[in-house]
Amino acid sequence: MDLNELSQYVIDGDGAAAVDWTERALADGMDALTIINEGLIPGMDVVGERFQQREFFMPEMLVAARAMKAAMAIVKPLLTGDRASSELRAVTGTVQGDLHDIGVSLVGMMLEGAGFEVTHLGPDVPPDEFLKTVEEQGAQVLCLSAMLTTTIKNMKVTIDRAVELEMRDQVKIYVGGAPVTSEFATEIGADGTTGDAGSAVQMVREQLGLAAAPSTSSG
Ligand code: B12
């Protein structure tokens, strides 16, 4: 099956076609991560480029996001499996003011697949909500996402708040999203960053001293 077709469905915002294509590809034995990394994400990248060129506007970006989310819902059970453990807990979400949450929900799904119980707070999360949830869940890991150059500053606000509440030592805080660099992550006192969900899980497991994650596949 041609993954470009799936990318095109995302670009067109055709959720029904994206879901149908994904279901057929999985039935054909295609790997869930191939579907995400080589079909859905490249489609979103084109949407972003067209938005930048002013060929696409908010409505196109929104329907594309909906199409991607619909297809992701089909692959989710294959990524998350049934491996959640009561000991490993993570909290994920996008910082205050930022409505982009597709990337960080993918990071959450991959962490679930690696055995974490994940509380996903979604987009636009204030610092205290992140930290209250970390406390309540006894989470070892907090993943903060931001996709806007105007909102990444709220990652620092969240980390500074963790220091203020004397929680910084009890939780590893990772940051990510398109505008985040490793220099920025170091500068704001995060424990690390990576550019994609797969390597994010590897980084988290390594830093927590856990063995390699069980492999994720479609079947
Ligand atoms: C879909 C989308 C939207 C959707 C979001 C829907 C949703 N529920 O998420 C909607 C329509 C809401 C939207 C709105 C806006 N958007 Co928008 N959007 C996008 C788009 C096209 C795709 C983002 C996406 O989902 N990518 C796919 C995912 C899988 O990738 P990802 O998010 O990068 O995540 C991966 C990595 O970054 C990493 N990662 C992510 N988080 C984390 C966290 C951790 C801890 C780690 C380790 C890793 C990690 O792993 C992920 C998986 O591999 C991008 C363009 C692009 N190509 O990125 C623009 C883009 C981000 N948007 C942009 C803009 C400007 C806006 C608006 C301001 C537009 C407007 N005029 O109103 C608004 C902002 C609203 C707000 N307050 O947030 C700009 C940002 C420019 C900038 N420099 O700030 C972009 C880059 C488009 C562009 N080229 O201009 N957008």
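Read on for a plain summary of the structure.

Parameters and conventions
- Residues numbered from 1 in each chain as written.
- Predicted model: local features only at pLDDT ≥ 70, side-chain atom pairs only at ≥ 80, totals over all residues.
- Heavy atoms only, no water.
- Axes fitted to C-alpha atoms, helices over the stretch in contact; angles between N-to-C directions.
- Helix = DSSP H or I, 4+ residues; strand = E, 2+ residues; numbered from the N terminus.
- Parallel < 35°, antiparallel > 145°, perpendicular 65-115°, else oblique.
- Left-handed = near helix turned anticlockwise from the far one by under 90°.
- Contact = heavy atoms within 4.5 Å.
- 1 Å grid on protein atoms, 1.4 Å probe; cavity = no way out; pocket = protein on both sides within 12 Å on 5 of 7 lines; lining within 4 Å.
- Points joined across faces, edges and corners; volume = space filled by probe spheres on them.
- Nonpolar A, V, L, I, M, F, W, Y, C, P; charged D, E, K, R; others polar.
- Buried < 20%, exposed > 50% of the residue type's maximum accessible area, 1.4 Å probe, protein only.
- Pairing = 2+ DSSP bridges.

1. Examining the packing of helix α2 (residues 15–27) against helix α4 (residues 58–80)
Okay, so step 1: It is at 7 Å that the axes of α2 and α4 come closest, and there the two elements cross at 25°. Between α2 and α4, the crossing angle belongs to the class labelled roughly parallel. Here α2 runs over α4; the crossing is right-handed. Taking contact as the criterion, the partners of Gly15, Ala18, Val19, Thr22, Glu23 and Leu26 in α2 are, on α4, Ala67, Ala70, Ala71, Ile74, Val75 and Leu78.

2. Notes on the layout of surface pockets
Okay, so step 1: Considered as a void within the structure, the largest pocket measures approximately 1400 Å³ in volume.
Okay, so step 2: Every residue lining the largest pocket is counted, 41 residues in all, and those nearest its centre are His100, Asp101, Ile102, Gly103 and Met147.
Okay, so step 3: Counting residues per element, the ones that place at least two in the lining of the largest pocket are α3 (32–52), α4, α5 (102–113), β3 (141–145), β4 (172–176) and α9 (197–207).
Okay, so step 4: If one sorts the elements of the lining of the largest pocket by residue count, α3 sits on top with eight residues.
Okay, so step 5: Of the residues assigned to the lining of the largest pocket, the class counts are 25 nonpolar, eleven polar and five charged.

3. Side note on the pairing of strand β1 (residues 89–94)
Okay, so step 1: Counting buried residues in β1 gives five out of six residues, a clear majority hidden from the surface.
Okay, so step 2: Relative to strand β2 (residues 117–120), β1 runs parallel, the two sharing four bridges. Directly across from Arg89, in β2, lies its bridge partner Glu117.
Okay, so step 3: One ladder, built from five bridges, connects β1 with β3; its direction is parallel.

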